[in-house]
Amino acid sequence: MTRKQKRLSVIIGGLAFLGAATGLIFYALGQKASYFYMPADLTTASVQPGQRIRLGGLVEKGTVVRGEGATVAFSVTDTHKSVKVIYTGILPDLFREEQGVITEGSFGADGVFVADSVLAKHDERYMPKEVADGLKAKGVWQESTN
Amino acid sequence: MVETGHFALVLAFALSLVQTLVPLIGARTGNQRLMAVGGPVTVTGFALTALSFAALAGAYASSDFSVASVWENSHSLQPLIYKITGTWGNHEGSMLLWVLILTFFGALVAVFGSNLPATLRANVLAVQGAIGATFFLFILATSNPFIRLNPAPIEGRDLNPVLQDLGLAIHPPLLYLGYVGFSICFSFSVAALIEGRIDASWARWVRPWTLVAWMFLTGGIAMGSYWAYYELGWGGFWFWDPVENASFMPWLAGTALLHSAIVMEKRSALKIWTLLLAILTFSLSLLGTFLVRSGVLTSVHAFATDPTRGIFILCILTLFIGGSLALFALRASRLTAGGLFHPISREGALVLNNLFLTTATATVLVGTLYPLAVEALSAGKISVGAPFFNLTFGPLMVPLLILVPFGPLLAWKRGDLYAVAQRLMAAFAAALVAMLVTGLFVNGASVFAALGVGLACWLVCGALTDLAVKSGFGNVSPAIMLRRFAGLPRSVFGTALAHLGLGLTTLGIVGTLCFGTEKILSMHAGESVELSGHTLRFEGLYPAQGPNYSEDRGRFSLIGADGGIAAEITSAKRFFPVRQTTTTESGIETIGFSQLYLSLGDQGTDGSVVVRLWWKPLVTLIWGGGLVMMAGAAMSLFDRRLRVGAPSRRRKQPAAMPSAGVP
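Nothing here was measured: the structure is a model prediction, and the numbers come from that model. (Residues numbered from 1 in each chain as written. Chains lettered and ligands numbered in written order. Predicted model: local features only at pLDDT ≥ 70, side-chain atom pairs only at ≥ 80, totals over all residues.)

Novice: Please clarify how the overall build of chain A should be interpreted in this entry.
Specialist: Along its length, chain A carries two helices and seven strands. Evaluated residue by residue, chain A yields a buried proportion of 35% over its 146 residues. Long-range contacts, defined as pairs at least 24 residues apart, comprise 51% of the intrachain contacts of chain A with a sequence gap of at least 6. (Helix = DSSP H or I, 4+ residues; strand = E, 2+ residues; numbered from the N terminus. Buried ≥ 20, exposed ≤ 12 C-beta atoms within 10 Å, placed from the backbone. Contact = placed C-beta atoms within 7 Å.)

Here you go:
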């Protein structure tokens, strides 16, 4: 092979490699990225049972019920609609009623959201950013000046 | 004292402008006196920044709540250590730490760079000054830590309880030493582009800085991972959180840079690529700073968010990344391309390493920024988490790890793959045995687990093979071999240690992910639970009082083989009244390289408590491997060749080649 051919083959090899990696990235983004919804969004969006999503909102007051062992049931609301969530595990320290929360999981056939993780990541106002943005968009919650 | 610090910060900003302009003009006009201004100005700038930082730390240590930043992030009842570490446990203070480290590295170049060509030194200091100037301006304009409150509050609002830990003392300084350390490589690259000249001595200068920055970044990431592991109580060591990714991207790019700089130094090849990598690595560090500090991403690390800050950092980002890349586009063609090499050679292996690492960096970058892009296009909100990274990052890393042992054994210019494969036979056999033993004799081992253990063993044995081959194992008598071993260049040990550390980390990850077990249950006092052969008895909850918190301690006993108590483990729920916040302190018992990890959940009405426990086999190797990698980098730093100011001497080792050889 001449020098030129050699260089060309290296470049083609590199591009093929990058192409494969890019393909993999797009495939993974399509398959593995999970969308974020608030309860009211679910009436318009078509979410299949079993499809992984993130569900965010406020923990509705008076709905937290501790069941057998470490199972907890509660409702997530955006004040327009609420969705029942079941979670088995340890709730984060920042989980509390009427505070923002993001749950990740999928709907069962009975319409109950089965979460495998509950996040209460927050800024000082105990409000996850997505939830705050969503609530602001719905005109429910205003940023306090505090 | 606080005003002195404020004043020093303003002066440091002014000096950084001098540091940018005067040496730059000097270098362009060839004026020696103007160029010589750079050194003293840089050192003075560092001294002033240090004074400013000390003033802020002093305000924190003495709980001076008339300073807004102290009031927001400290409390008089906090232990002194957390008062001091609280200095950088908030946005303003951590930015001050950022510039302190930046000016520190600049001062190091000024002090130890006396044997650099005068124009290169002047240009490097000027670029370093420009980075400093923008960040000083950023701090003074949007994040001033010295703003006073009048009237002064009597009591502070307490440091975020999650940050009240020794981890805060170690993790951010290490991480910043790494992040900001790459600014030197960036400055050298931009300086080389300004001059339009680059040679092997440039690489000899840049490599130690890359090593230092990489070493600290490795330590910072490992420490951060361990901190999150024990502090957050989730038992995970890596979450693919945007902020973790922000530190991981410069690490991946920096690892690539570390390797390409070797090729450039030894063989004068890959010059332009190395330059570009140095620019990209620091750009990723800046991007990381932007992601963390602007609050555009939801993350455990997001502090107060302020849109003006985000826009300011975005401007800095555009200025430096855009500017340096534009300069690169203009000037790169003026740089001469270096030596040629056969695809199967040490250079070829290092190019392959770079291809994999940069692609992996791009993968992480896409995964981190994709949610932002989707949101900017109003196409909904999405999150990209571990499933995405496992699917994309994993397949890129596995072939890279398989190839690692080949690299150091290949010869420069043209290597003999067959001979290298023969030398690696023993390592391959060991990996195969480890794989079979895991697959056949360990309960519950999947095919993936067996392959993972084999891969880790392959890496470890490959690193040892490298040392054995280079000391002449099998060819010479043991006595000569020992002498050769002792006489090997430090950088050879460095390489072997770093690759060994990589193998250990891999083993730790495989062990934890594939053989770890987990149980969640609700327990009453006196009840016992068994997990992977370990019996734990819950002794009960006991209230206790800390300096600025109250806690419920759950006491557990690990029952030994003889039925007695082998160890006591305590996990606690801490309540911090000032912030009305609860944190979980996990209880960890280290057994060999493995750990028993438990954390308390909520209390039930019947006096029971939810307990989550994990058995994490070999988990300590994840961070232990990181320490070994750091040791490898330190070892390489002490290589005679790289020692700053050491007179160059022809090395005696036969593998050494004159660096100018072009076929």
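Novice: Help me understand the overall build of chain B in this model?
Specialist: Summing up its helical and strand segments, chain B has 20 helices and ten strands in all. Taken over the C-alpha trace, chain B has a radius of gyration of 27 Å; the compact-globule value for 663 residues is 26 Å, and the two agree within 12%. Considering only C-alpha atoms, chain B reaches an extent of 80 × 75 × 55 Å along its principal axes. The proportion of buried residues among the 663 residues of chain B is 53%. (Rg over C-alpha atoms; globule rule 2.2 N^0.38 Å.)

Novice: Whenever I open this one, the sheet that holds strand 3 (residues 528-531) of chain B confuses me. Can you help?
Specialist: Sheet strands pair via backbone hydrogen bonds, and the direction of the pair is either parallel or antiparallel. Residue and element names in this part refer to chain B. Strand order in this open sheet of five strands is 3-4-5-6-7, and the pairing throughout is antiparallel. What marks the edges here is a single partner per strand, and that holds for strand 3 and strand 7 (581-585). Averaged over all adjacent pairs, the angle separating strand axes in this sheet is 25°, with direction ignored. (Pairing = 2+ DSSP bridges. Axes fitted to C-alpha atoms, helices over the stretch in contact; angles between N-to-C directions.)

Novice: Sorry, what's going on with the nonpolar core here?
Specialist: Soluble, globular proteins show a tendency: their nonpolar side chains are buried together. Membership of the largest hydrophobic core comes to 171 residues, with the highest contact counts inside it found for B:Cys185, B:Phe188 and B:Ala278. In terms of nonpolar packing, the next biggest core, distinct from the first, is built from 40 residues, A:Leu55, A:Ala120, B:Ile588 and B:Leu600 among them. (Core = buried A, V, L, I, M, F, W, Y, C linked by C-beta atoms within 7 Å.)

Novice: What should I look at first to understand the packing of helix 5 (residues 91-112) of chain B against helix 6 (residues 118-142) of chain B in this one?
Specialist: Helix-helix packing: each pair is described by the crossing angle between the helix axes and the interaxial distance. Residue and element names in this part refer to chain B. Their axes nearest at 10 Å, the elements helix 5 and helix 6 cross at an angle of 165°. Looking at the two axes, helix 5 sits roughly antiparallel to helix 6. Crossing geometry of helix 5 relative to helix 6 is assigned as left-handed. Of the residues in helix 6, those in contact with Met95, Leu96, Trp98, Val99, Leu102, Thr103, Gly106, Val109 and Ala110 of helix 5 are Val124, Leu125, Gln128, Ile131, Gly132, Phe135, Phe136, Phe138 and Ile139. Of the residues contributing to the contact of helix 5 with helix 6, the split by class is 14 nonpolar, four polar and no charged. (Parallel < 35°, antiparallel > 145°, perpendicular 65-115°, else oblique. Left-handed = near helix turned anticlockwise from the far one by under 90°. Nonpolar A, V, L, I, M, F, W, Y, C, P; charged D, E, K, R; others polar.)

Novice: Would you take a moment to explain unusual backbone geometry for this structure?
Specialist: Negative phi values dominate among residues other than glycine, just as trans dominates among peptide bonds. All names here are of chain B. Residue proline 151 follows asparagine 150 across a cis peptide bond; omega there is 0°. For proline 151, the position within the fold is in the loop between helix 6 and helix 7 (167-195). Phi is positive for aspartate 158, which is not a glycine, with a value near 75°. Here aspartate 158 lies in the loop between helix 6 and helix 7. The buried category is assigned to aspartate 158, around which 24 C-beta atoms lie within 10 Å. The phi dihedral of tryptophan 240 is positive, around 55°, even though this residue is not glycine. Structurally, tryptophan 240 is set in the loop between helix 8 (200-231) and helix 9 (242-267).

Novice: Help me understand the confidence of the model for chain B in this model?
Specialist: Predicted coordinates in regions of low pLDDT should not be interpreted in detail. Residue and element names in this part refer to chain B. Overall, the prediction assigns chain B a mean pLDDT of 87, with 94% of residues at 70 or greater. Per-residue pLDDT stays below 50 along residues 299-304; that stretch engages in 16 contacts with residues further than four places along the chain or on separate chains. For the stretch residues 644-663, pLDDT sits under 50, and the model shows 19 contacts to residues farther than four places along the chain or on other chains. The complex model carries a pTM of 0.89, and its ipTM stands at 0.77. (pLDDT = per-residue confidence, 0-100.)

Novice: How should helix 12 (residues 346-376) of chain B be read in this particular structure?
Specialist: Spanning 31 residues, helix 12 of chain B covers 44 Å between terminal C-alpha atoms, matching the ideal 45 Å at 1.5 Å per step. B:Leu369 marks where helix 12 of chain B bends most, by close to 40°; the proline B:Pro371 follows one to four residues later. (Expected span 1.5 Å × (residues − 1). Bend = angle between axes of the 7 residues up to and from the residue.)

Novice: Sorry if this is basic, but what is going on with the sheet that holds strand 2 (residues 517-523) of chain B here?
Specialist: Residue and element names in this part refer to chain B. Sheet architecture is open: four strands sit in the order 2-10-9-8, paired in antiparallel fashion. In this open sheet, the two strands that pair with only one neighbour each are strand 2 and strand 8 (587-591). In this sheet, neighbouring strand axes are inclined to one another by 15° on average, regardless of whether the strands run parallel or antiparallel. Sheet analysis places strand 9 (residues 594-603) next to strand 10 (residues 609-616), joined by seven bridges and oriented antiparallel. For glutamine 595, the partnering residue across the bridge sits in strand 10 and is lysine 616.

Novice: For this particular structure, what's the right way to read the pairing of strand 3 of chain B?
Specialist: The side chains of a regular strand alternate, residue by residue, between the two faces of the sheet. Residues and elements named next belong to chain B. With four bridges joining them, strand 3 and strand 4 (residues 534-545) adopt antiparallel strand pairing. Along strand 4, the bridge assignment pairs leucine 531 with histidine 534. The loop that links strand 3 with its antiparallel partner strand 4 comprises two residues; one of these, serine 532, has a positive phi angle of about 45°.

Novice: How should the pairing of strand 4 of chain B be read in this particular structure?
Specialist: All names here are of chain B. Bridging between strand 4 and strand 5 (residues 550-559) involves ten bridges; their strand directions are antiparallel. Bridge pairing in strand 5 links leucine 541 to glycine 554. Joining the antiparallel neighbours strand 4 and strand 5 is a turn of four residues.

Novice: Looking at this structure, I do not really get the domain arrangement of chain B. What am I missing?
Specialist: By a frequent convention, interface size equals the accessible area lost on bringing the separate parts together. You can read the domains of chain B as domain 1 (1-164), domain 2 (193-403), domain 3 (404-515 + 620-642) and domain 4 (517-616). A C-alpha centroid distance of 38 Å is found between domain 3 of chain B and domain 4 of chain B. (Domains from an automatic or database assignment.)

Novice: Before we go on, may I ask you to explain the confidence of the model for chain A in this structure?
Specialist: Residue and element names in this part refer to chain A. Mean pLDDT over chain A: 78, with 81% of residues reaching 70 or higher. No element of chain A has a lower mean pLDDT than helix 2 (residues 129-137), which averages 67, and none a higher one than strand 5 (residues 82-88), which averages 89. Under a pLDDT of 50 for its full length, residues 122-126 has, in the predicted model, twelve contacts with residues more than four places off or in other chains.

Novice: Where do I start with the environment of B:Thr359 in this structure?
Specialist: With respect to the helices and strands, B:Thr359 occurs in helix 12. In contact with B:Thr359, not counting residues within four places along its chain, are A:Leu18, A:Ala21 and B:Leu396.

Novice: In this structure, what is going on with helix 16 (residues 425-441) of chain B? I would like to understand it.
Specialist: The α-helix winds at 3.6 residues per turn, so residues separated by three or four positions along the chain end up facing the same way. Taking 1.5 Å per residue as the helical rise, helix 16 of chain B with its 17 residues ought to reach 24 Å, and the 24 Å between its terminal C-alpha atoms agrees with that figure. For helix 16 of chain B, the elements touching its buried residues are helix 17 (447-470) of chain B.

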